[in-house]
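Residues per chain are reported as follows:
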Protein chains: 2
Amino acid sequence: VSGDPVELRAFGLPGVPEVRPGDDLGALLAEAAQRAGGLRDGDVVCVAHKIVSKAEGRLRLLEEIEAGPQAVELARQAAKDPRQVQAVLDESAEVLRAERGVLICVTRHGFVCANAGVDASNAGAEGVVVLLPEDPDASARSLRAALRERTGVAPAVVITDSFGRAWRLGQAEVAIGVAGLAALDDWRGRRDADGRELTATAIALADEAAAAADLARGGKDARVPVALIRGLGAHVTADDGAGAAALVRPAVEDLFR
Amino acid sequence: VSGDPVELRAFGLPGVPEVRPGDDLGALLAEAAQRAGGLRDGDVVCVAHKIVSKAEGRLRLLEEIEAGPQAVELARQAAKDPRQVQAVLDESAEVLRAERGVLICVTRHGFVCANAGVDASNAGAEGVVVLLPEDPDASARSLRAALRERTGVAPAVVITDSFGRAWRLGQAEVAIGVAGLAALDDWRGRRDADGRELTATAIALADEAAAAADLARGGKDARVPVALIRGLGAHVTADDGAGAAALVRPAVEDLFR
């Protein structure tokens, strides 16, 4: 992969309508891209997970959830709806921290984030929570295949969410599902500009792409869940690749759990 | 601040020469921007910290460092040069973890990163380590003032470094010094697209800008330490603002130390 500087362009794709369970999201994305002048080889389509989850029906009605004792207790401490906490627990492999109204969870995919990604904002209706996709890498592969089918071009697809971080304030957009982009660009063993071996550098390309897309999509009040990044073609692969799973730090190698 | 989608452009500014202590980095950046067509209002100039540190003389010669007992012991465990470990300790307010050859430190600025940001790669010579700037927000303000002086335009300036993350593999570029950009875009109290109040969303804009710049700068083998981002003008302020200090999570609020 070339390390040369590139000109990157990132822009929101307006006109994606409110997504409902069962909608053909691939078709909606293809239409939005078409209106923006069409897809090109090497494009990266970044999609906020919320519309992927909605299309896949990954929604729960709070009224259909019965909170168990752990959810009731955690909800009491955090001043939250116990049914929403139960939804969080149902999506969690492990709760790392439950303090100050915040639940930091390991999702079943291995991601570490607040509330296991379960969120009521932009859910489309009161009393509804949106979950992360069941298998976001599979969702990305499927959207990529649908885009290829409809447009003849196979852009990389990155499904994103806003995660908080240890140590730093604010959320940053990260990749939770990837197809066709090297999520991790591994420079270990390669050399720096002085010819000195780089010992421990792997760049989380897909997370950086997610961040760039977030800047282009505008704020959370602007309903633009999709952005296109042009200029990363050197990292876009014909194969779907290892996906965002490559970004999950194995628990045994993680010093901060 | 408008939440509308924008078209973002990010591109490397080639032609910044090898930087040495005492160089006028503001002048070098102004010239590089001029060659790329000049600065415009609302531009964000992202600068890899290494050239800022070099211009500021934030370098140490290993041969001039005497390792103390703690450095010797940590270096033994990690198979590192004890003098380099001493340089890390000298830049650290606290060592959070020392395991598996990795030192995760809190820098005197409050940043949490490997080796307190002390790095030998791209240092320009063997036996030299590069430190983080003494006060990266002040460095950013100073570069902004120099650019304003020389070009009549006051772009935002973001000084960046690659940090590893808890829980996720790979490094991502983050902001360590900021002038003229809202480092943290606080959406708390504002409403989502459904009109529902957003309870806990603040976006680490400056970190996302750093990430976008990193994608545009190319790989660590391409000596392009500067990138320009165009399209974030809605977040660029006349005041220098609170800087990257706004991104430091106070230790007492941090669940992962």
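Residues numbered from 1 in each chain as written. Chains lettered and ligands numbered in written order. Predicted model: local features only at pLDDT ≥ 70, side-chain atom pairs only at ≥ 80, totals over all residues. Heavy atoms only, no water.

S.K.: Before we go on, may I ask you to explain the relation of the copies chain B and chain A in this structure?
M.R.: For these two chain copies, the linking operation is a rotation about an axis paired with a shift along it. Superposition record for chain B on chain A: RMSD 0.0 Å, screw rotation 180°, translation along axis 0.0 Å. With respect to symmetry, the two chain copies, as superposed, fit the operation of a two-fold axis. Here 100% of the contact residues of chain B are again contact residues in chain A; the copies associate through an equivalent surface. (Least-squares fit on C-alpha atoms with pLDDT ≥ 70 in both. Contact = heavy atoms within 4.5 Å.)

S.K.: I keep staring at the pattern of salt bridges and nothing clicks. Help me out?
M.R.: Within this structure, the stated rule accounts for 36 salt bridges over all chains. Ionic pairing is found between Asp207(A) and Arg165(B), a salt bridge with its closest N-O pair at 2.7 Å. One end of the pair, Asp207(A), is in helix H6 (residues 205-217); the other, Arg165(B), is in the loop between strand S8 (156-164) and strand S9 (171-179), on a second chain. In this structure, a network of salt bridges that share partners links the residues Arg58(A), Glu91(A), Arg108(A) and Glu134(A). (Salt bridge = Lys/Arg side-chain N within 4 Å of Asp/Glu carboxyl O. Helix = DSSP H or I, 4+ residues; strand = E, 2+ residues; numbered from the N terminus.)

S.K.: Please clarify how the interface of chain B and chain A should be interpreted in this entry.
M.R.: By convention, interface size is frequently given as the accessible area that disappears when the constituent parts associate. Taken together, the contact between chain B and chain A spans 79 residues of the former and 79 residues of the latter. For the pair chain B and chain A, the summed buried surface comes to about 6,900 Å²; carbon and sulfur atoms form 54% of the total. The largest contributions to the chain B side of the interface with chain A come from Trp167(B), Arg168(B) and Leu215(B), which together make up 13% of the buried area. Counting across the chain B and chain A interface gives 6 salt bridges. Among the salt bridges present, the one from Arg9(B) reaches Glu7(A), with a minimum N-O distance of 2.6 Å. The interface formed by chain B and chain A contains 30 residue pairs in polar contact (both at pLDDT 80 or more). Listing elements by their share of the side of chain B that touches chain A, those giving two or more residues are strand S1 (7-12), strand S4 (92-99), S8, S9, strand S11 (202-203) and helix H6 (205-217) of chain B. Split by residue class, the side of chain B that touches chain A holds 43 nonpolar, 11 polar and 25 charged. (Buried area = accessible area lost by both parts, 1.4 Å probe. Polar contact = N/O pair within 3.5 Å; in protein donor to acceptor, adjacent residues only side chain to side chain. Nonpolar A, V, L, I, M, F, W, Y, C, P; charged D, E, K, R; others polar.)

S.K.: I'm lost on empty space enclosed by the protein in this one. Help?
M.R.: Picture a little ball the size of a water molecule; that probe, rolled over the atoms, points out where space is still empty. As enumerated under the stated definition, the model contains 1 cavity of 30 Å³ or more in all. In this structure, the largest cavity encloses a volume near 340 Å³. When residues of the lining of the largest cavity are traced back to their parent elements, those giving at least two are strand S9 (172-179) and H6 of chain A together with S8, S9 and H6 of chain B. Looking at the lining of the largest cavity residue by residue, the classes come out as 14 nonpolar, 2 polar and 9 charged. (1 Å grid on protein atoms, 1.4 Å probe; cavity = no way out; pocket = protein on both sides within 12 Å on 5 of 7 lines; lining within 4 Å. Points joined across faces, edges and corners; volume = space filled by probe spheres on them.)

S.K.: Help me out: how do you make sense of the pairing of strand S5 (residues 102-107) of chain B in this one?
M.R.: The side chains of a regular strand alternate between both faces of the sheet. Residues and elements named next belong to chain B. For S5, the tally of buried residues reaches 5 of 6 residues, placing the bulk of the element in the interior. What sits between S4 and S5 in their antiparallel hairpin is a turn of 2 residues, with Arg100 showing a positive phi close to 50°. Note: S5 against strand S6 (residues 112-114), 3 bridges, orientation antiparallel. What sits directly across from Ile104, in S6, is Ala114. (Buried < 20%, exposed > 50% of the residue type's maximum accessible area, 1.4 Å probe, protein only. Pairing = 2+ DSSP bridges.)

S.K.: I tried to follow unusual backbone geometry on my own but got confused; where do I start?
M.R.: Trans peptide bonds make up the majority, and among non-glycine residues the majority have a negative phi. Despite not being glycine, Asn115(A) has its phi angle at roughly 55°, a positive value. Checked against the element boundaries, Asn115(A) lands in the loop between strand S6 (112-114) and strand S7 (128-130).

S.K.: How do you make sense of the sheet that holds S6(A) when you look at a structure like this?
M.R.: Within a sheet, adjacent strands bond to each other through the backbone by hydrogen bonds, running parallel or antiparallel. All names here are of chain A. With antiparallel pairing, the 3 strands of this open sheet are ordered in space as S4-S5-S6. Two strands lie at the open edges of the sheet, namely strand S4 (92-99) and S6, each paired on one side alone. When strand polarity is set aside, the average angle formed by the axes of neighbouring strands in this sheet is 25°. (Axes fitted to C-alpha atoms, helices over the stretch in contact; angles between N-to-C directions.)

S.K.: I keep staring at the side chain of Arg58(B) and nothing clicks. Help me out?
M.R.: Residue and element names in this part refer to chain B. Its place among the elements puts Arg58 in the loop between helix H2 (49-55) and strand S3 (59-61). Within the local environment of Arg58, its side chain forms a polar contact with the side chain of Glu134, the two groups lying 3.1 Å apart. Excluding its chain neighbours within four sequence positions, the residues that come into contact with Arg58 are Ser53, Glu91, Arg108, Val129, Val130, Leu131, Leu132, Pro133 and Glu134.

S.K.: Honestly, the side chain of Arg97(B) in this entry has me stumped. Any pointers?
M.R.: Tracing the backbone through its elements, the reader meets Arg97(B) in strand S4. Salt bridges are absent for the buried Arg97(B), whose nearest opposite-charge side chain, Glu99(B), sits at 4.6 Å. Here Leu255(A) takes part through its backbone oxygen, which lies 2.8 Å from a polar atom of the side chain of Arg97(B). When near neighbours in sequence (up to four residues on either side) are disregarded, Arg97(B) contacts Leu255(A), Phe256(A), Val102(B), Leu103(B), Ile104(B) and Arg257(B). (Lys, Arg positive; Asp, Glu negative; His and termini not counted.)

S.K.: Sorry, what's going on with the sheet that holds S6(B) here?
M.R.: All names here are of chain B. Strands sit in the order S4-S5-S6 across an open sheet of 3 strands; the sheet is antiparallel. Strand pairing shows two members of the sheet lacking a second neighbour, S4 and S6, which therefore form its edges. When the angles between neighbouring strand axes are averaged without regard to direction, this sheet yields 25°. Contacts from helix H4 (residues 82-91) reach S4 and S5 within the one sheet, and its direction differs from that of S4 by about 130°.

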